[in-house]
Amino acid sequence: KAGVTQTPRYLIKTRGQQVTLSCSPISGHRSVSWYQQTPGQGLQFLFEYFSETQRNKGNFPGRFSGRQFSNSRSEMNVSTLELGDSALYLCASGRSNDEQFFGPGTRLTVL
Amino acid sequence: DQQVKQNSPSLSVQEGRISILNCDYTNSMFDYFLWYKKYPAEGPTFLISISSIKDKNEDGRFTVFLNKSAKHLSLHIVPSQPGDSAVYFCAAKTFGNEKLTFGTGTRLTIIP
């Protein structure tokens, strides 16, 4: 069974640009969550989607947004990038009220 | 407000001995707990979980213990192997909410 996949794996952007990250969950998983990992803040929850609906949102500014498609694939978008957005962005998928499995992450560097 | 805490940033254990990683939480609404292992620049790998209706769960070399009254859980790895060297995160969530709240992690080093 294929795991969670994320593309791209690495990304370099400049301040003010926008970026879109993609996540394909494990087959059969309808819940997709996004997390940001930074050295200073650790692993922080961004948002969770289930059946194309955002069910939960973390404490991030509106520049961070996401969506989920009918095949459960999800995208995350960050607009007007800031230096502090440099982080490892992780996607996790799961069945509701069960374990969540993480993808390898997208390393975003903002210059 | 750090609702999940791992107070030991690092731990070194001899190969073959027991590794014990600890985690404390403050939110009494948490009812499901998970342990993940993470290597640098990779996603966390799920290890083991426990529901609040249990006080122990075992899977091979990994055992998680939950003490609800103390709001404390621990992960035991026996015997420890060099491949266990990684950062370990505990995470917690409430039923019906997929948001995971993570601890800050403990770096485990297994000494050959």
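Further up the page is the structure itself.
Counting restarts for each chain: residues are numbered from 1 in the order of the written sequence. As they are written, the chains are lettered A onward and the ligands numbered 1 onward, keeping that order. Only residues with pLDDT of 70 or above have their local features reported here, since the model is predicted, and side-chain atom pairs are shown and tallied only from 80 upward, although totals for entire chains, interfaces and linings are computed over all residues. Side-chain numbers come from the whole structure's heavy atoms, not from hydrogens or water.

Engineer: Which residues make up the overall build of chain A, and what values do they have?
Structural biologist: Helix and strand labels come from DSSP, where a helix needs a run of H or I of at least four residues and a strand needs a run of E of at least two; each type is numbered from the N terminus. Helix and strand counts for chain A stand at zero helices and 11 strands. Listing each helix as α and each strand as β along chain A from the N terminus yields β-β-β-β-β-β-β-β-β-β-β. Against the 2.2 N^0.38 benchmark of 13 Å for 111 residues, chain A shows a C-alpha radius of gyration of 13 Å, consistent with a compact globule. Once the C-alpha set of chain A is aligned to its principal axes, its extents read approximately 35 × 25 × 25 Å. Summary of the burial criterion: residues with accessible area below 20% of their type's maximum are buried, those above 50% are exposed, and those between are partly exposed, where the area comes from a 1.4 Å probe applied to protein chains only. Relative to its 111 residues, chain A shows a buried fraction of 50%. We call two residues in contact when some of their heavy atoms are within 4.5 Å. Within chain A, residue pairs in contact and separated by at least 24 positions form 53% of the contacts whose partners lie at least 6 positions apart. Throughout, the Shrake-Rupley method with a 1.4 Å probe supplies accessible areas, and for residues the shown protein chains are the sole cover considered. For chain A, the accessible surface area stands at approximately 5200 Å², while carbon and sulfur atoms represent 48% of it. Every radius of gyration here is taken over C-alpha atoms, with the globule rule written as 2.2 Å times N^0.38, N being the number of residues.

Engineer: How would you summarise the sheet that holds strand S1 (residues 5-7) of chain A if you had to cite specific residues and measurements?
Structural biologist: Residue and element names in this part refer to chain A. A pair of strands counts as paired when DSSP detects no fewer than two bridges linking them. Ordered in space as S1-S3-S8-S7, the four strands form an open sheet in which the pairing is antiparallel. Both edges of this open sheet fall to S1 and strand S7 (64-68), since each of them pairs with a single strand only. With direction set aside, neighbouring strand axes in the sheet form an average angle of 20°. Across five bridges, the pairing between strand S3 (residues 19-24) and strand S8 (residues 74-78) is antiparallel. Residue pairing for S8: Val 19 is matched across the bridge by Val 78. To obtain each axis, a line is fitted to C-alpha atoms, and for helices this fit is confined to the stretch in contact; angles are then taken between N-to-C directions over 0 to 180 degrees.

Engineer: I'd love a proper account of the interface of chain B and chain A, names of residues and values included.
Structural biologist: Every contact between the two is made by 19 residues of chain B and, on the other side, 23 residues of chain A. Counting each side, the surface lost to burial between chain B and chain A is near 1700 Å², with a carbon and sulfur contribution of 55%. The salt bridge definition used is simple: a Lys or Arg side-chain nitrogen within 4 Å of an Asp or Glu carboxyl oxygen. Where chain B meets chain A, there are zero salt bridges. For the purposes of these results, a polar contact is taken to be a pair of N or O atoms within 3.5 Å, where, inside protein, one atom must be able to donate a hydrogen and its partner to accept one; residues adjacent in sequence count only when each atom of the pair is a side-chain atom. Along the contact surface separating chain B from chain A lie nine residue pairs in polar contact (both at pLDDT 80 or more). For the side of chain B that touches chain A, the secondary-structure elements that each account for two or more residues are strand S4 (32-38), strand S5 (45-51) and strand S9 (86-93) of chain B. All residues other than Ala, Val, Leu, Ile, Met, Phe, Trp, Tyr, Cys, Pro, Asp, Glu, Lys and Arg, Gly among them, are scored as polar; the first ten of these are nonpolar and the last four charged. Residues belonging to the side of chain B that touches chain A are distributed by class as follows: 10 nonpolar, four polar and five charged. Two parts placed together each lose some accessible area; with a 1.4 Å probe, that loss summed over both constitutes the buried area.

Engineer: Break down the state of the cysteines for me, citing the residues and quoting the values.
Structural biologist: Residues and elements named next belong to chain A. The term disulfide is used for any two cysteine sulfur atoms that are within 2.5 Å. Here the structure, examined in full by the defined rule, presents two disulfides over all chains. Across the disulfide from Cys 23 sits Cys 91; the S-S distance is 1.8 Å. Every disulfide takes its handedness from the sign of the S-S torsion; for Cys 23 and Cys 91 that torsion is -60°, giving left-handed. Residue Cys 23 is found in strand S3, and its partner Cys 91 is found in strand S9 (residues 87-94); the two are separated by 68 residues along the sequence.

Engineer: Please set out the packing of aromatic side chains residue by residue, giving values where relevant.
Structural biologist: Aromatic contacts are taken between Phe, Tyr and Trp rings whose centres are within 6.5 Å, Trp giving its six-membered ring; a plane angle under 30 degrees counts as stacked, one over 60 as edge-to-face, and the others as tilted. Counted by the stated rule, this structure contains 13 aromatic pairs over all chains. Taking the centre distance of 6.0 Å and the plane angle of 65° together, the rings of A:Phe102 and B:Phe102 count as edge-to-face. Here the residue A:Phe102 occupies a position in strand S10 (residues 100-102), and B:Phe102 occupies one in strand S10 (residues 101-102), the pair thus bridging two chains. The exposure class assigned to A:Phe102 is buried, which follows from its relative accessible area of 10%. Here a set of aromatic residues connected by ring pairs shows up, and it is made of A:Tyr35, A:Phe45, A:Phe101, A:Phe102, B:Tyr36, B:Phe46, B:Phe89 and B:Phe102. A positively charged side chain is recorded as over a ring if its NZ (Lys) or CZ (Arg) lies within 6 Å of the ring centre. The angle to the ring normal must also be within 35 degrees. Here the basic side chain of A:Arg55 rests over the ring of A:Phe50, its NZ or CZ set 4.2 Å away from the ring centre.

Engineer: Pulling in residues and values, what's your account of the environment of B:Ile77?
Structural biologist: Within the fold, B:Ile77 resides in strand S8 (residues 72-77). If near-sequence neighbours (up to four positions away) are discounted, B:Ile77 is found in contact with B:Arg17, B:Ile18, B:Ser19, B:Leu21, B:Arg61, B:Phe62, B:Asp84, B:Tyr88 and B:Leu108.

Engineer: A description of the layout of surface pockets should follow, citing residues and the corresponding values.
Structural biologist: Considering only enclosed or pocket space, the largest pocket measures out at about 900 Å³ in volume. Grid points spaced at 1 Å over the protein atoms alone were grouped into cavities, where a 1.4 Å probe fits but cannot get out, and pockets, open sets with protein on both sides within 12 Å along at least five of seven lines, with lining residues defined by an atom within 4 Å of a point. As for the largest pocket, its lining consists of 35 residues, and the residues nearest its centre are A:Thr38, A:Gln41, A:Gly42, A:Leu43 and A:Gln44. Counting only elements with at least two residues in the lining of the largest pocket, the list comes to strand S4 (31-38) and strand S5 (42-50) of chain A together with S9, S10 and strand S11 (106-111) of chain B. Per element, the largest residue contribution to the lining of the largest pocket is four residues, and it comes from S5(A). Grid points are joined across faces, edges and corners, and a volume is the space filled by probe spheres set on the points.

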